[in-house]
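An overview of the molecular structure
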Amino acid sequence: MRWGALLPVLLFAAGLLALPLLGPGFAALFPDVAEPLYRREAFGTLALAHAGLVLASLLPAAAIGIGLGIAATRPGAREVRAVADALVGFAQAVPPVAVITIAVPVLGFGAAPALLALVCYATLPVLRGTTGALATVPPEVLDAARGAGMTPRQILWQVELPLAATPILVGLRVAAVLAVATAAVGAVAGATCLGTPIIAGLVNGNPAWVLQGALLTGLMAFAVDGLLGALAPVSASPP
Amino acid sequence: MIRFEGVRKTFGATRALDGLDLEVPEGAFAVLLGGSGAGKSTALRTVNRLIDPDAGRVLLRGRDVAQEEAPTLRRRIGYVIQGIGLFPHWTVARNIGAVPRLLGWEDRRIAARVDELLALLRLDPSAYRDRMPAQLSGGQAQRIGVARALAAGPDILLMDEPFGALDAITRQAMQQEMARLHAATGKTILLVTHDVDEAFSLATQLCVMAEGRLLQAGTPRELLDAPADPRVRDLLDGGAIGMRRLALVSAADLAAPSAEAPATLPRIPAGATGREALEAMLAARTEAAVLVGSDGADAGLVALKDLLRA
Amino acid sequence: MLAPNRIVPPRGIGVGDVPVWTFLAPAAFAAMAAALLPGRGAALAYGLALCGLLGGLGAAATLLTGVNPAGRLGPAAGSWVAIGALLLAMRLAMGRAGSGTAARAIAALLLVAALWAMLVLGLIDDLGLVREAAARGPELRAALSGHLALVAAALLPALAIGAALGALSFAAPRAAPMTMGILAALQVIPAIALFALLIEPLAALGRAMPLLREAGLRGIGGAPAVIGVFLYLLLPVAAATRAALGSAPAAAVDAARGLGFAPAQLLLRVRLPLGAPVFLGGLRTASVQAVGLVTLGALVGAGGFGVLMFQGLGQFAPDLILLGALPVAALALVLDAALRAVEDGLVRA
């Protein structure tokens, strides 16, 4: 656990607490704006909703990504791998905002379109991290494991996943940061989150709100990045 | 002990095993020798069912290996490979204890066994137990590989080109180590190699393979004296057959007792091979060499013409 | 879904309401072809089936809308899933046939050409998407040129500066962690936040220096999007440059030195040729990212296809949303395929 990595978390918390008190500051910075502080929802509420979106998408994304990644690397699953590769290829070409907007006519305004896009895009880095990591387990190690009499399940749990853990966690970290960003974009489809002040500010011509939303969204991304970076274990092999 | 009966295996268009028949007796150090593509590794891997044959069967002590669950079978058979394949995320002790752990041994028994095996492989248990594989040299890593294969006390050891990736000096040391281990434990060992010198220095039973079939099996001496097939003769390297034969006999067996040997003759240890005696004579430009016992006294005289009886 | 025009909520249409052959014929054809034909043939069959499905939808649309010139047929989820599945099947069939990237690029071009031909022949005129596109021809063209201009404006400086940063961190490995660390930290900032954060400083800059304002540097508009995307692209370009310079095997570099290559010759004749595919890989990643990121720029007033998407979102008009989203995806896929083909050409050369 590297405590330095928790600094962004503290910064984010400080931002959440301090921002509501900075009304006069924003008034001085933006003299033309009638309502310099975003007050429609408390920043804490927005942050909680944002974190909720991220968590609600990250768990299924991790399950799907790791599960599909394991399935795609089993012997005799070349088809699964081909399908996964093709899906990832297509998905990466479509920006998340396109998925969110396309989903609105089907799912309606609110959190649902954002959640759909979140799950889709958070799955990709986890899937890529998992297949990549499992593919790099040395073949002689797998041969030795089979020769030692491990069952396929034992090989997966005792050899493959521990060896692949670090890259999978890196994939999860990328997914989480991406999820924070995608959730913010969800505000265009009416999801309540830290992106809401940005969109409200852009729509109402209120640059102060835009700045407040952007600051907190950025800080939250760094906080999530730092948190998961701190949890990632040190590499298994010593220096 | 191990018996191959008409074993066949094809991979796509290549025929790896084309009706292999072979019997390896209990306690033998059997070496499968052949060029690449001869089917040696495939044959080895049918024993612990890493490969299942298309036809024919493999018997261990008269029992078809196909009748047993593959993982259970493999836990009774030691397996050593060229790539070593130590689990990089586990310590040396955990690596060696892998199979005992699968078999559900108690922790204390595993720990004791790990130390015993490290000592057997001449590695200091307190220094090596907690190292990670990345901290080992190639030779040390392969010693751990052998220790891991021996951990659960299997009575068969399968070795697939185990020393192929080691440098020449380490390889020779490991070969001597294996010969010593075989003599000390009496286990049945099946080793695959394409290195003729390695095969001769280790085998009690030499099995020459080509194109997925057995060409000839027997003691090294039998193969040298009566190669059954020109390919066996070619593989054993025609020009060196005489030297190889000399290397298989003890100089003492050819020597005559000698009371007083001239001091000008070269001295060699009493346990030397015929080949070492010849080398000593050629080096000293003499026609005889004197065997010296461990007490320092002359034990016999071997002459150049005696070597012809080898 | 059928609607008399864009505004009125559509009425659902089931398979039973239209001549069944329009849907079943292409599907049956695809299944048959895939079963019978090997590799590339199957891919071709899937492509034809896709065209057939669209043509069938178009014919159904004409049939259903009759003479109403504003009438339109919006394919519902089932049709979209079918279209997606056919595209995926086509891609997989190409993969199974072991087709190279060049063959894939040609296949993509063929598909585009076929769609274009169907458009020209008026076969799919009555689909909502096509109606919408026809009605918004100038806007669509403006979105395309705007999108491409924004991508180029972000990508070209990112290539120059990213390559310089990458080369710097290769030449001075001690500076590398710091440089790369900063670029990686930039990636963590969500795009929407970065664009938004750039608005105010840029607006202030514009107010302070009217000359820059004249040049188009304003708080709202293309500037924050271009600068934001530029910042994101620095990492892939710099990382690829660094990897490309280091991709020559140590033995090859050693041999070249031993043969008496001067440092410049080593760079020009060994490092650059061997590293070119790696660098192109970074360029490809950056280009595809740029196409996607620019879409979000419409939120802060930049142009491009994002404008159509957000307009569609505001009017709750699925056809308009798709008109913005589909070209973005197509653009990204085409760029990806084209640069991949060049990469492969380099590797083989």
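Residues numbered from 1 in each chain as written. Chains lettered and ligands numbered in written order. Predicted model: local features only at pLDDT ≥ 70, side-chain atom pairs only at ≥ 80, totals over all residues.

Thoughts on the overall build of chain A
For the record, the criterion: Going along the chain from the N terminus, every DSSP run of H or I of four or more residues is numbered as a helix, and every run of E of two or more is numbered as a strand. We call a residue exposed when 12 or fewer other C-beta atoms sit within 10 Å of its C-beta, buried when the count reaches 20 or more, and partly exposed for counts in between; the C-beta positions come from the backbone. The contact criterion used is a C-beta to C-beta distance within 7 Å, with each C-beta placed from the backbone.
Counting its regular elements, chain A contains 10 helices and 0 strands. Counting all 239 residues of chain A, 48% fall into the buried class. A separation threshold of at least 6 residues defines the contact pool for chain A, and within that pool the share at least 24 residues apart is 74%.

A look at the sheet that holds strand E13 (residues 298–303) of chain B
Residue and element names in this part refer to chain B. To be explicit about the condition: The criterion for strand pairing is that DSSP finds at least two bridges linking the strands in question. Every angle, taken between N-to-C directions, lies between 0 and 180 degrees, and every axis is a line fitted to C-alpha atoms, over only the stretch in contact when it is a helix.
Read from one edge of the open sheet, 3 strands run E11-E12-E13, paired in mixed fashion. Edge positions in the sheet fall to strand E11 (267–269) and E13, since each has one partner strand and no second. With strand direction ignored, the average angle separating the axes of adjacent strands in the sheet is 35°. Against the sheet, helix H14 (residues 274–284) makes contact with E11, strand E12 (288–292) and E13, and its axis sits at roughly 125° relative to E12, the strand it touches most.

So, the interface of chain A and chain B
To keep things clear, this is the line we draw: When residues are sorted by character, Ala, Val, Leu, Ile, Met, Phe, Trp, Tyr, Cys and Pro go into the nonpolar class, Asp, Glu, Lys and Arg into the charged class, and all the rest, Gly among them, into the polar class.
The partner chain B presents 20 residues to the 16 residues of chain A that form the contact. When contributions to the side of chain A that touches chain B are tallied by element, the ones reaching two or more residues are helix H7 (139–147) and helix H8 (152–185) of chain A. With 6 residues, the top contributor of residues to the side of chain A that touches chain B is H7(A). Looking at the side of chain A that touches chain B residue by residue, the classes come out as 9 nonpolar, 4 polar and 3 charged.

What to know about the domain arrangement of chain B
Threshold: Domain ranges listed in this record stem from an automatic or a database domain assignment.
Looking at chain B, the domain boundaries give domain 1 (2–244) and domain 2 (250–309). Averaged C-alpha coordinates put domain 1 of chain B and domain 2 of chain B at centres separated by 36 Å.

Section: the nonpolar core
Selection criterion: Connectivity within a nonpolar core runs through C-beta atoms within 7 Å, and the core itself is a set of buried Ala, Val, Leu, Ile, Met, Phe, Trp, Tyr and Cys residues.
Ranked by internal contacts, the top residues of the largest apolar core, which has 226 residues, are A:Val180, B:Val31, B:Cys207, C:Ala154, C:Ile192 and C:Leu233. Examining the composition of this core, we find that 16 residues originate from one element, H8(A), more than from any other. The residues contacting C:Leu233, other than those within four sequence positions of it, are C:Ala154, C:Leu155, C:Ala158, C:Gly162, C:Ala286, C:Gln289 and C:Ala290. Residues B:Ala251, B:Ala280, B:Met281 and B:Val302 belong to the second largest nonpolar core, which totals 15 residues.

Focus on the pairing of strand E10 (residues 213–218) of chain B
Residues and elements named next belong to chain B. Relative to E10, strand E9 (residues 205–210) runs antiparallel, the two sharing 5 bridges. Within the sheet, the bridge partner assigned to Met209 lies in E10 and is Leu214. Connecting the antiparallel pair E9 and E10 is a turn made up of 2 residues, with Glu211 showing a positive phi of about 50°.

Section: the UniProt feature "domain: ABC transporter" (unreviewed entry) in chain B
Heads up, the condition is: UniProt positions are given in the numbering used here, feature names are shortened, and annotations may be inferred rather than shown by experiment.
Those places that UniProt annotates as "domain: ABC transporter" (unreviewed entry) correspond, in this numbering, to residues 2–236 of chain B. Secondary structure across residues 2–236 of chain B comprises 39% helix and 26% strand; the distance between its end C-alpha atoms is 25 Å.

Considering the sheet that holds strand E8 (residues 188–193) of chain B
Neighbouring strands of a sheet are bound in pairs by backbone hydrogen bonds; such pairs are parallel or else antiparallel. All names here are of chain B. On the basis of which strands lie adjacent, the open sheet formed by 6 strands has the order E6-E7-E8-E3-E9-E10 and mixed pairing. Since the sheet does not close on itself, it has two edges, and those belong to strand E6 (77–81) and E10, each with one partner. Ignoring strand direction, the axes of neighbouring strands in this sheet form an average angle of 15°. Looking at chain direction, strand E7 (residues 156–160) and E8 are connected through 5 bridges and run parallel. Within E8, the residue paired with Ile156 across the bridge is Thr188. Each of strand E3 (29–33), E6, E7, E8 and E9 touches helix H1 (residues 40–47); the most contacted strand, E8, lies at about 150° to it.

A word on the interface of chain A and chain C
Each side of the interface is counted separately: chain A has 33 residues, and chain C has 35 residues. Elements with a minimum of two residues in the side of chain A that touches chain C: helix H4 (78–93), helix H5 (96–107), H8, helix H9 (195–204) and helix H10 (207–231) of chain A. Here the side of chain A that touches chain C gets 10 residues from one element, more than from any other, and that element is H10(A). For the side of chain A that touches chain C, the per-class residue count stands at 26 nonpolar, 6 polar and 1 charged.

Section: the UniProt feature "domain: ABC transmembrane type-1" (unreviewed entry) in chain A
Following the UniProt record, one finds the feature "domain: ABC transmembrane type-1" (unreviewed entry) at residues 47–228 of chain A. With 85% helix and 0% strand, the stretch residues 47–228 of chain A has end C-alpha atoms that lie 18 Å from each other.

Quick look at the environment of B:Ala277
Residues and elements named next belong to chain B. Tracing the chain through its elements places Ala277 in helix H14. Here Ala277 falls in the buried class, since 29 other C-beta atoms lie within 10 Å of it. Spatially, the C-alpha atom of Ala277 lies 9.7 Å from that of Ala252, the residues being 25 residues apart in sequence. The residues contacting Ala277, other than those within four sequence positions of it, are Ala251, Ile268, Ala272, Ala289, Val302 and Leu307.

So, the pairing of strand E1 (residues 2–11) of chain B
Look at any regular strand and the pattern is simple: side chains alternate between the two faces of the sheet. Residue and element names in this part refer to chain B. Pairing between E1 and strand E4 (residues 55–60): 5 bridges, direction antiparallel. Paired with Ile2 across the strands is Leu60, a residue of E4. Alignment of E1 against strand E2 (residues 14–24), held across 8 bridges, turns out to be antiparallel. Bridging across to E2, Phe4 finds its partner in Leu22.

Details of the packing of H8(A) against H10(A)
Residue and element names in this part refer to chain A. Let me state the cut-off plainly: Put simply, angles under 35 degrees are roughly parallel, angles over 145 are roughly antiparallel, angles from 65 to 115 are roughly perpendicular, and the rest are oblique. Each helix crossing is assigned a hand: it is left-handed if the near helix lies turned anticlockwise from the far helix by less than a right angle, otherwise right-handed if that turn is clockwise.
Between H8 and H10, the shortest axis-to-axis distance is 9 Å and the interhelical angle comes to 165°. Classed by the angle they form, the pair H8 and H10 counts as roughly antiparallel. Crossing geometry of H8 relative to H10 is assigned as right-handed. Facing H8, whose interface residues are Leu172, Arg173, Ala176, Val177, Val180, Ala181 and Ala184, H10 presents Thr217, Met220, Ala221, Val224, Asp225, Leu228 and Gly229. Of the residues contributing to the contact of H8 with H10, the split by class is 10 nonpolar, 2 polar and 2 charged.

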